[in-house]
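Observations on the three-dimensional arrangement
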Amino acid sequence: MRLPSLKTNVESTQSVVVTKQKLTQKSFVTNLGDYLMEKLFLLLGTLAIFILLLIVGFLIREGSDALREVGISEFIFGQSWYPSSSEPRYGALPFIISSVMVTVGALLLAVPWGIFTAIFISEIAPKRLKEMLKPVVEIFAIFPSVVLGFIALIVISPIVANVFGLSNGLTAVTAAVILSVMALPTIISIAEDSLNSVPSDFKEGAYALGATKWEVIKNISLPAAKSGIIAAVMLGFGRAVGETMTVLMAAGNAIDMPIQHFLGLTVPDFLTSVRTLTANIAIEGSDVAWGSLHYSALFVVGMILFVITFIVNLIADLLINRQRGALRND
Amino acid sequence: MTNAALTKKKRYTQSLWVTVCSLFTAITVGTLLFLFYWIVVGGAEVISWSFITQMPEQNMTAGGIWPALVGTVYVSLLTIAISVPLGIGAAIYLNEYAKQGRLVRLIRLSIRNLSGVPSIVYGLFGLGLFAATFGFGRSLIAAALTLAIMVLPWVITGAEEALKAVPRSFREGGLALGATRWQMIRQLVLPSAIPGMATGSILGLARAAGETAPIILTGAAYYLPIIPHDIKEQFMALPYHLYILATQHSETATVRPIAYGTALVLILLVILLNSVAIFIRNYYRRKNEWL
C-alpha cells in the first residue's frame, strides 16, 4: 500500500507534523480511480434491475402488435389457437388451462412427497444420514430437464398408456408425474430451510413438557415453519409452471381444449394430450417469421407466463420474509 | 384413558408418521437411483471413445455426437465469459460498496425475480433482442448472451457468498494501512474470494450446459455436422440433440440407442462440472481453516 503524502512529509521537512488529513491524503489519480471504480460497480450492481425492466419492456413492445390487433380478452378467453390459418385465431386459454393442470397435478404429488422428505431430513434423520441425504436433493436439482423429459417419454408414458388403457401415453398425467420430480428439489430445500430456522428452544421447551418427537414436529416445528413451507409450495408452483422441456416431451402437445363433459359438467381431462404455455412458445418460436403477428402473439403468451410466475414468486418472497420476521420477534 | 394407554397411542401415532416420512424419503432416494440406473444401462451400450469424437452420420442414425458436445462446451464457456465479470461486479457492489437501503432491496428483489423467470421466457427475450433486434441471427453469440442473462442471478449469488466468506479483518486491516476501497478490494478481498467465485461460476457453467429451452429459440441447430468457426454461426448442442433424437427424428426407434448415449454424456458432463465445483470449494475451505 502506498502512502505518498506521508512519505514526502518525512523526507522533506525536519519538523514532521502528521495530521489526520495528511495521513489520508492520496494522489489525485488514486482518488479518481477509486471514484470511477465505485461508479462502475454501482452500474453493475443495478444491472439486475435494468435487465428485469428490459425483459418486461421488451415483452410489452414485441407483444403490443398482437395485443392491439387481437385484444387481451381473446388471448385469455379464446379457445382456439390457429396462428397459420387464413383467418388466424389467437386464443391461449387451452394453453393456460393445460399449464395450470399439469402444474397442479405435479404439486399434488410433489407437495406431500417433498414436505414429508423435508421433515425426515430436517427433524428425524440422524446427523450422518442427514449429511448423506442433502447431496441426493442437490443432484436432483442438477438433472437437466431434457433428460427427465426423455425418461418420461420412454418409461412413464408406456406405463400411463397401460394403466389407463390409452393408445398414446403422452398426456397431462405423464407430464404431471415427471414435473413433480422437477419441482421436488425446490420444495424440499425451501421447506427444509424453514424447518431448520425454527429456534431449538421452541422444541426443547416442548420436549421438557413431555411431548413426543412427532408431537413436537406437528405442534411446534410445522406451525412455526408454516409460512416458509407455503413459500416452498409457491416456489415449486413457479418452477413447474415455467418448466419447458419435460412437458414439451411428455404432454403430447395437442392444441385442443383439455376438457371433457362428465355428468353435464365441464371438467379438465387429465388423460388427454395437452400443450402448455411454455411448450407452445418452444414449438412455434423456433420457426416463426420475425415481426409477424404470430411472432408478436408468442410474446403475449410469454407475457402471460411472466405475469403468473412473477406473482407466484412475489407471494413466496413475502411469505419467506414474514417467517423470518416472525421468528426474529419472538 | 389411563396414562399407559395414552402413551401407547402416542407412540403408535409417532411411529406411523415417522414411517410415512421415511417412506417418502426412501422414494426420493429410490427415484434418483432409478434415474441413474436407467440412463447408465441404456447409455453404456453405445458410449465409446468413437461415439464421443465422431461426427453424426446418415441423418444422425449413425456416428457420434462430437459437434453437439463441442457446441455445448462453446456455448457454455461463452456464457460464463459474459456472465461472470458482470455477476462478480454486481456482487462486489452489493457486498462491498452498497449501504443497506431502498436501492439494495430493489436490486435483491430484481435478482430473486430474475431467478424465477421461466427459461423459455429468456429464450423469447433473447430471440427478440439478440437474434432479431441486434441482428446476430440464431447463433452461438445470441444463445450465449441469452444464457448469460439467465444464469446471472446464480452467478451473483455465488460470488456474493464468496465475498461474505472473506473475514472482516482483511478489509479493516487494508483500510487501516491507508488503502483506498478499490485497492483493498483488489488486493485483499478478491484474491481470497476467487475459489468461492470459481465454484459459483462452474455451477453456472453446468446449468448453462444442461439448459435446452432458451437455445431452441436462439441458436441451436437441428442437424449441423460441422464445428462452428464463428460466434455468428448456429451450433449443435447436447441437450437439444437429445430432444431431437427423442421426439423430432423421423426414425425415433432407430436412433434410440444414440439418444441414450447422448443423455448419459450430458449427465456425466453436468455431474463432472458440479463435482469440480464442489471439490474446489471443499479444498479451499479446508485450506482457509489452516490459515
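Residues numbered from 1 in each chain as written. Chains lettered and ligands numbered in written order. Predicted model: local features only at pLDDT ≥ 70, side-chain atom pairs only at ≥ 80, totals over all residues.

**Notes on the overall build of chain B**
- Counting secondary structure elements, chain B contains 11 helices and 2 strands.
- Here chain B has a C-alpha radius of gyration of 24 Å; the compact-globule value for 291 residues is 19 Å, and the former is much larger.
- Viewed in the frame of its principal axes, chain B has a C-alpha envelope of about 75 × 65 × 40 Å.
- Burial analysis of chain B (291 residues in total) assigns 49% to the buried set.
- In chain B, once contacts between residues fewer than 6 apart in sequence are set aside, the share between residues at least 24 apart is 76%. (Helix = DSSP H or I, 4+ residues; strand = E, 2+ residues; numbered from the N terminus. Rg over C-alpha atoms; globule rule 2.2 N^0.38 Å. Buried ≥ 20, exposed ≤ 12 C-beta atoms within 10 Å, placed from the backbone. Contact = placed C-beta atoms within 7 Å.)

**Considerations on the domain arrangement of chain B**
Residue and element names in this part refer to chain B.
- Each domain of chain B was delimited in the assignment, giving domain 1 (3–44) and domain 2 (51–290).
- For domain 1 and domain 2, the distance between their C-alpha centres works out to 35 Å.
- In this complex, domain 1 contributes 4 residues to the contact, which on the side of domain 2 involves 5 residues.
- Grouping the constituent residues of the side of domain 1 that touches domain 2 by class yields 2 nonpolar, 2 polar and no charged. (Domains from an automatic or database assignment. Nonpolar A, V, L, I, M, F, W, Y, C, P; charged D, E, K, R; others polar.)

**Here's the deal with the interface of chain A and chain B**
- With 66 residues of chain A at the interface, the matching set in chain B holds 71 residues.
- Of the residues that constitute the side of chain A that touches chain B, the class distribution is 44 nonpolar, 16 polar and 6 charged.

**Notes on the UniProt feature "domain: ABC transmembrane type-1" (unreviewed entry) in chain B**
- Those residues carrying the UniProt feature "domain: ABC transmembrane type-1" (unreviewed entry) are residues 69–277 of chain B in this numbering.
- The span residues 69–277 of chain B is 79% helix and 0% strand, and its two end C-alpha atoms sit 20 Å from each other. (UniProt positions renumbered as here; feature names shortened; annotations may be inferred.)

**Some points on the UniProt feature "domain: ABC transmembrane type-1" (unreviewed entry) in chain A**
- On the UniProt side, "domain: ABC transmembrane type-1" (unreviewed entry) is annotated at positions that read residues 96–316 of chain A here.
- Each end of residues 96–316 of chain A is marked by a C-alpha atom, and these two atoms are 21 Å apart; helix forms 75% of the span and strand 4%.

**Brief notes about the UniProt feature "transmembrane region" (unreviewed entry) in chain B**
Residue and element names in this part refer to chain B.
- With numbering aligned to this structure, UniProt lists the feature "transmembrane region" (unreviewed entry) at residues 16–40, 65–94, 114–134, 140–159, 188–209 and 258–280.
- The span residues 65–94 is 97% helix and 0% strand, and its two end C-alpha atoms sit 42 Å from each other.
- When the span residues 140–159 is considered, its composition is 100% helix and 0% strand, and the gap between its end C-alpha atoms is 26 Å.

**Description of the UniProt feature "transmembrane region" (unreviewed entry) in chain A**
All names here are of chain A.
- According to UniProt, the positions carrying the feature "transmembrane region" (unreviewed entry) are residues 40–60, 95–121, 141–163, 170–191 and 295–320.
- Note that residues 40–60 is 95% helix and 0% strand, and that its end C-alpha atoms are spaced 29 Å apart.
- Regarding residues 295–320, the helix share stands at 100% and the strand share at 0%, and the terminal C-alpha atoms are separated by 37 Å.

**Some points on unusual backbone geometry**
All names here are of chain A.
- Even without a glycine there, the phi angle at asparagine 253 is positive, about 65°.
- Position of asparagine 253 among the secondary structure elements: in the loop between helix H13 (245–250) and strand S3 (259–262).
- With 20 C-beta atoms packed within 10 Å, asparagine 253 lands in the buried category.

**Some points on the packing of helix H4 (residues 102–116) of chain B against helix H6 (residues 140–164) of chain B**
Residue and element names in this part refer to chain B.
- Where H4 meets H6, the closest approach of the two axes is 8 Å, and the angle between their N-to-C directions is 130°. The angle between H4 and H6 places the two elements in the oblique class. The crossing of H4 and H6 is left-handed. Contacts between H4 and H6 involve Ile111, Leu114 and Ser115 from the former and Leu152, Pro153, Trp154 and Ile156 from the latter. (Axes fitted to C-alpha atoms, helices over the stretch in contact; angles between N-to-C directions. Parallel < 35°, antiparallel > 145°, perpendicular 65-115°, else oblique. Left-handed = near helix turned anticlockwise from the far one by under 90°.)

**Section: helix H3 (residues 66–97) of chain B**
- An ideal rise of 1.5 Å per residue puts 46 Å on 32 residues; H3(B) measures up with 45 Å between its terminal C-alpha atoms.
- At Ser83(B), H3(B) is deflected by roughly 30°, the largest bend along its length, and proline Pro85(B) occurs up to four residues later in sequence. (Expected span 1.5 Å × (residues − 1). Bend = angle between axes of the 7 residues up to and from the residue.)

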